[in-house]
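Read off the chains here:
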Amino acid sequence: MEGDQERNEFSSEDHTYIELDIFDSFFVDSVTTVRASINTPDISAMQFLNAMPRPETTFLLCPVSYEEGLDVVSKLKNSESKDFFDLSVNLIKRVTIPILVPLTFCLNSCIVEGVFPALLKIAKTVPIHKKGPIDLPGNFRPIAILPVFSKNECKKECCIRNWKL
């Protein structure tokens, strides 16, 4: 009974909802505040990387086969959450066979060129209510929904399968 009461709490017409601009400002300002509290390092990132010893081992990513591409997609965690392009993992799983050839071509192009497309770096951010009044932005947490093909498990699975030391 208590769970039903919580679910209905947000259906009341007398609640004030937060406008998108207020959410945006709140989360951007939060990042700005945290960033300002971080000390600036004494050296640049490039200086730091150049000071590190070079690894003696190298690796090569080999092209992904159609079978491997199919296996990677089938192992993605089921989800109906839609990304920036309005695609979900479940939708991609249902159409994997018809798109397998172009999908594998695109994946292999990323490997050969060493470039991950900027469009696949766009996340859709959704505010999820944590607790408390729904008219306070601090009572929400931002959840980033990544494009289906930029999911870490997809990239990691492809890399692990195709690493050649």
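Just so it is clear, the structure is predicted and the values come from calculations on it, not from any experiment.

**Student:** In this structure, what is going on with the environment of Pro 147? I would like to understand it.
**Tutor:** By secondary structure assignment, the location of Pro 147 is in the loop between strand 3 (140–145) and helix 7 (152–162). Here the alpha-carbon distance between Pro 147 and Leu 120, two residues 27 residues apart in the chain, equals 5.9 Å. In this view, Pro 147 contacts Asp 83, Phe 85, Leu 119, Leu 120 and Ile 122; residues no more than four positions away in its chain are not counted.

**Student:** What exactly am I supposed to notice about the side chain of Thr 104 here?
**Tutor:** Here Thr 104 shows up in helix 6 (residues 96–113). Leaving out residues up to four positions away in the same chain, Thr 104 has contacts with Val 64, Ser 65 and Tyr 66.

**Student:** Where do I start with the packing of helix 4 (residues 66–74) against helix 6 in this structure?
**Tutor:** Packed helix pairs are specified by the crossing angle of their axes together with the interaxial distance, meaning the distance between the axes. One way to put it is that helix 4 packs onto helix 6 with a least axis distance of 10 Å and a crossing angle of 120°. As far as their axial angle goes, helix 6 and helix 4 are oblique. The way helix 4 lies across helix 6 gives a crossing that is right-handed. Of helix 6, the residues touching helix 4 (which contributes Tyr 66, Gly 69, Leu 70 and Val 73) are Thr 96, Ile 97, Leu 100, Val 101, Leu 103 and Thr 104. Looking at the contact of helix 4 with helix 6, its residues break down into 7 nonpolar, 3 polar and no charged.

**Student:** Please explain the pattern of salt bridges as it appears in this structure.
**Tutor:** Pairing between side chains of opposite charge can happen when the charged atoms of each approach one another. Enumeration over the complete set of coordinates arrives at 1 salt bridge. Here Lys 75 and Asp 71 are joined by a salt bridge, their closest N and O atoms 3.4 Å apart. In this structure Asp 71 comes out as partly exposed when scored by relative accessible area, which is 26%.

Procedures and definitions
- Numbering of residues starts from 1 in every chain and runs along the sequence as written.
- Only residues with pLDDT of 70 or above have their local features reported here, since the model is predicted, and side-chain atom pairs are shown and tallied only from 80 upward, although totals for entire chains, interfaces and linings are computed over all residues.
- The side-chain quantities take in all heavy atoms of the structure and omit both hydrogens and water.
- Runs of H or I in DSSP of at least four residues are treated as helices and runs of E of at least two as strands, each being numbered from the N terminus.
- The contact criterion used is simple: two residues touch if any of their non-hydrogen atoms lie within 4.5 Å.
- Axes here mean lines fitted to C-alpha atoms, for a helix over just the part in contact, with angles spanning 0 to 180 degrees between N-to-C directions.
- For classification, angles of less than 35 degrees are called roughly parallel, those exceeding 145 degrees roughly antiparallel, those between 65 and 115 degrees roughly perpendicular, and all remaining angles oblique.
- Should the near helix be turned counterclockwise from the far one by less than a right angle, the crossing is left-handed, whereas a clockwise turn marks it as right-handed.
- Here the nonpolar group is Ala, Val, Leu, Ile, Met, Phe, Trp, Tyr, Cys and Pro; Asp, Glu, Lys and Arg are the charged ones; every other residue, Gly included, is treated as polar.
- Here, a salt bridge means any side-chain nitrogen of Lys or Arg that lies within 4 Å of a carboxyl oxygen of Asp or Glu.
- Residue exposure (1.4 Å probe, protein chains only): buried if accessible area is under 20% of the type maximum, exposed if over 50%, otherwise partly exposed.

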